[in-house]
Amino acid sequence: MRRNIFGWWAARVGLLIGPAGCAGNQSMFSPAGVDALATLNLFWVMLAGAVVIWFALNGLFLYVTRIHVGKMSRRLAEAVIIGGGILFPLVVLSALLIYSLPMMGEQRAPDDGLRVRVTAERWWWRVEYWPDGATAPIIAANELRLPVDQRTEIELTAGEVIHSFWIPALGGKTDMFPGRITRMTLAPSETGTFRGQCAEFCGLSHALMAIPAVIMEPAAFDGWLREQALPATSSGAGRAVFLREGCGACHAVRGTPAAGRVGPDLTHLGGRTALAAGILPMTADALRAWITNPEAIKPGAEMPAYDHLDESDLAALAAYLMGLK
Amino acid sequence: MKTVIRTLATVAGLGLAAAAAVVFGGLYDVSARHGHLPGVSWVLHTTFRNSVELRARPMSEVPPLTDEMAALGVRHYDASCRHCHASPGETATQTMRAMVPHPPHITDAVADWKPNELGWIVYHGVKMSGMPQWPAPREDEVWSVVAFLVRVRQMSEDAYSDLTAQPPADLAGLSYCASCHGLQGHAPNPHVPRLDILNRAYLDMSLDAFLGELRHSGIMQHAVTEVPPEALGPLAEHYATQAVGPAATQDLDPGLVERGRTLAEAQEGDDVPACRSCHGPWPDRLRDEFPSLSGQHEPYLRSQLKAWRDGHRGGGPLSELMREAAEDLEDADIDALAAFYASLPPARLSPAP
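Below is a summary of the structure that appears in this document. Quick caveat: nothing in here was measured; it's all calculated off a predicted structure.

Definitions and cut-offs
- Residues numbered from 1 in each chain as written.
- Chains lettered and ligands numbered in written order.
- Predicted model: local features only at pLDDT ≥ 70, side-chain atom pairs only at ≥ 80, totals over all residues.
- Helix = DSSP H or I, 4+ residues; strand = E, 2+ residues; numbered from the N terminus.
- Rg over C-alpha atoms; globule rule 2.2 N^0.38 Å.
- Buried ≥ 20, exposed ≤ 12 C-beta atoms within 10 Å, placed from the backbone.
- Pairing = 2+ DSSP bridges.
- Core = buried A, V, L, I, M, F, W, Y, C linked by C-beta atoms within 7 Å.
- Contact = placed C-beta atoms within 7 Å.
- Nonpolar A, V, L, I, M, F, W, Y, C, P; charged D, E, K, R; others polar.
- Axes fitted to C-alpha atoms, helices over the stretch in contact; angles between N-to-C directions.
- Parallel < 35°, antiparallel > 145°, perpendicular 65-115°, else oblique.

**As for the overall build of chain A**
Helix and strand counts for chain A come out as eight helices and 12 strands. Relative to a compact globule of 325 residues, whose C-alpha radius of gyration would be 20 Å, chain A shows 25 Å and is clearly more extended. Along the three orthogonal principal directions, the C-alpha set of chain A runs to about 90 × 40 × 35 Å. The buried share of chain A, taken over its 325 residues, is 35%.

**Focus on the environment of F48 of chain B**
Residues and elements named next belong to chain B. Take F48: it is sitting in helix α2 (residues 40–55). The partly exposed category is assigned to F48, around which 17 C-beta atoms lie within 10 Å. Counting along the chain gives 94 residues from F48 to V142, while the straight-line C-alpha distance between them is 19 Å.

**So, the pairing of strand β1 (residues 115–121) of chain A**
All names here are of chain A. Of all seven residues making up β1, five are buried, and the element is well covered by its neighbours. Where β1 folds back onto strand β2 (residues 124–130) in an antiparallel hairpin, the turn is made up of two residues. Direction of pairing for β1 relative to strand β5 (residues 152–158): parallel, over a ladder of six bridges. Opposite R115, over in β5, you have E153 as the bridge partner.

**Re the pairing of strand β7 (residues 173–176) of chain A**
Residues and elements named next belong to chain A. Two strands pair when backbone bridges link them, and strand β6 (residues 163–166) and β7 are joined in this way by four bridges, in the antiparallel orientation. Bridged to F165 within β7 is T174. Connecting β6 to the next strand, β7, in antiparallel fashion are six residues.

**Description of the nonpolar core**
In terms of nonpolar packing, the biggest core is built from 65 residues, with V118, W125, L170, M209, A213, A277 and L321 of chain A touching the most fellow members. The leading source of residues in this core is helix α2 (residues 34–67) of chain A, at five residues. Once you skip the residues sitting within four places of it in the chain, L321 of chain A turns out to touch G238, L266, L269, G270 and L287 of chain A. The next biggest cluster of nonpolar side chains, apart from the first, holds 34 residues, and it includes M69, C81, Y160 and C180 of chain B.

**With respect to unusual backbone geometry**
All names here are of chain B. Put simply, V100 and P101 share a cis peptide bond, and its omega is -5 degrees. Residue placement: P101 occurs in the loop between α5 (94–97) and α6 (106–109). A cis amide bond, omega -5 degrees, links G280 with the succeeding residue P281. Tracing the chain through its elements places P281 in the loop between α15 (276–279) and α16 (298–309). Within the chain, E213 stands out as a residue other than glycine whose phi angle is a positive 60 degrees. Along the chain, the position of E213 falls in the loop between α11 (200–211) and α12 (218–226).

**Focus: helix α5 (residues 237–244) of chain A**
All names here are of chain A. Judged by how many residues are buried, α5 sits mostly within the fold: six of eight residues are covered. Listed in full, the buried residues belonging to α5 are G238, R239, V241, F242, L243 and R244. Where α5 is buried, its residues contact α8 (311–322). Trailing α5 by a residue or two, G246 shows a phi angle of about 85 degrees, which is positive.

**Points about the interface of chain B and chain A**
Listed by partner, the interface residues are 20 residues for chain B and 17 residues for chain A. Of all the secondary-structure elements, those providing two or more residues to the side of chain B that touches chain A are α15 and α17 (319–326) of chain B. For the side of chain B that touches chain A, the residue count by class is 12 nonpolar, one polar and seven charged.

**Thoughts on the packing of helix α14 (residues 254–264) of chain B against helix α18 (residues 331–343) of chain B**
All names here are of chain B. For the pair α14 and α18, the least separation of the axes is 7 Å and the interaxial angle reads 95 degrees. The orientation of α14 with respect to α18, classified from their angle, is roughly perpendicular. On the side of α14, the interface is formed by L256, V257, R259, G260, R261, L263 and A264, while α18 contributes D333, D335, A336, L337, A339, F340 and S343. Here the contact of α14 with α18 is composed, by residue class, of eight nonpolar, two polar and four charged.

Structural data, given as structure tokens:
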């Protein structure tokens, strides 16, 4: 793993730029992956180069306008113009280019076996896990889980409009296009939960389209993925409400007749870190608020309001969904 | 110049005063007894003719006008239009003939109009003539009436009576309902929905929606106001408790049926919700207000799905669910889904407990 050579400076300059905005779980200044660290190092190197050029050129301007006022020998003038104006920036910029070009390859390094396909919808994420040799995906939604210290291929595409996938703590930003697949690989280096966000304006609820990224130890990840492949186990009165009210038209809960594909797969909904693409906590109250009026929480969302359900049905339904671990 | 302006102003003032005298002073004689002043009828009628000819859809947009559509249209005509325009072999009442303008006898009324123009007149009505507009914002239904109108000149009095016959029944209003829906709720006309596969809760909700003008159908909105309000509950009960009848004989394209099945079961694409999770067949109990579609007539399903997709079907309190579900349907999807559900054995959604 590459060392964070500018970590000390990162923290301090980060504090200068914006005390609250530059730290935390959605920040490229707090890298938790090989690719994010490379991006951050690139940023600091580029910034250093820019600072050197800025000071050198402004120093020269200061020199010829304030310090060495008056006639200048031809030799000195040519040294200032050609040396300072052409050669110096050329050398610095070329050095930066040579430093940064190999990184493009690193951003597409081959994966260690796991492939994840993320499809951006308005305004949520389909997530499919394809472990090495899988013939069918393990389907989840609205959360990305990856094993630490392994490189995973991320295939990106979109439903109706262009979106962009960006988990700043893990790596760079890649656009997602309907009908096309773009690729990146991510190699997280720390466990924890980080936050991603759609980074391309995609309509009414663009700002409400986040994705939690949970980085786990490989053994824990493998166990989690095995459980994701299993059918749902939750039961109780809410199951009958779910199946009676037509929820299965859009949502799949494997192990029940519900096999809809319009909205997120809910088979293990209760085990996710957040609801409605990273914008609500995964609680029974939040579920009830969402079910009765999605439009109030996420304007333009495709899910219709189920405000005709009575109290007991709603409570049972929320309990059932929370139980889908 | 001044003189010209002064003259014009005086003339305008006099004109206004005359108009005010007519409007506020009651000088204009609105008496139907005295009719129009000479020439006025000609102006109005010529305006009417040219207005319709200008605005009617092109003939290419008129659907095929089948006998089955005519069989539905004639019953709606009999209930809604006959009062003014009479029927083949019948003379309009003296009262109707005393209207100004007086509604022409139906066999005269349809003469000289093409089907596209008849469709326009039936849907839009005619201002200041007493001809009402179609009482729902749905144009597709008028073609069943037009299908009857293009046949009416060749129709005998007996043929008309046969087509509009109401089977005898004791329950109030049932004869009328049964003339289209059949006494057991499964009439053979594929434009008339089967009621024997529907639950009481759904029938009640639909009748309420027609009454409240929430669900749009010129035919049914007329029908629910034709029977007394207190008769609607027993009528719904009657149809909800009939044994489910046999499958209708129909000629369905197996390819379409199969494609409809993949759509209804959500095995294809991710734009269209799985129909079966509300409309069956479904292993668990479904909400009573969701209608069963199993064995429903194909042309009826097609027209309803198009109305849903185009946003002018309306419905009960849960209709928003269906409006959103249907908004992405393509014509080909609708054909496939209608064929699939028509192909299923007729069945109610959830058996009565």
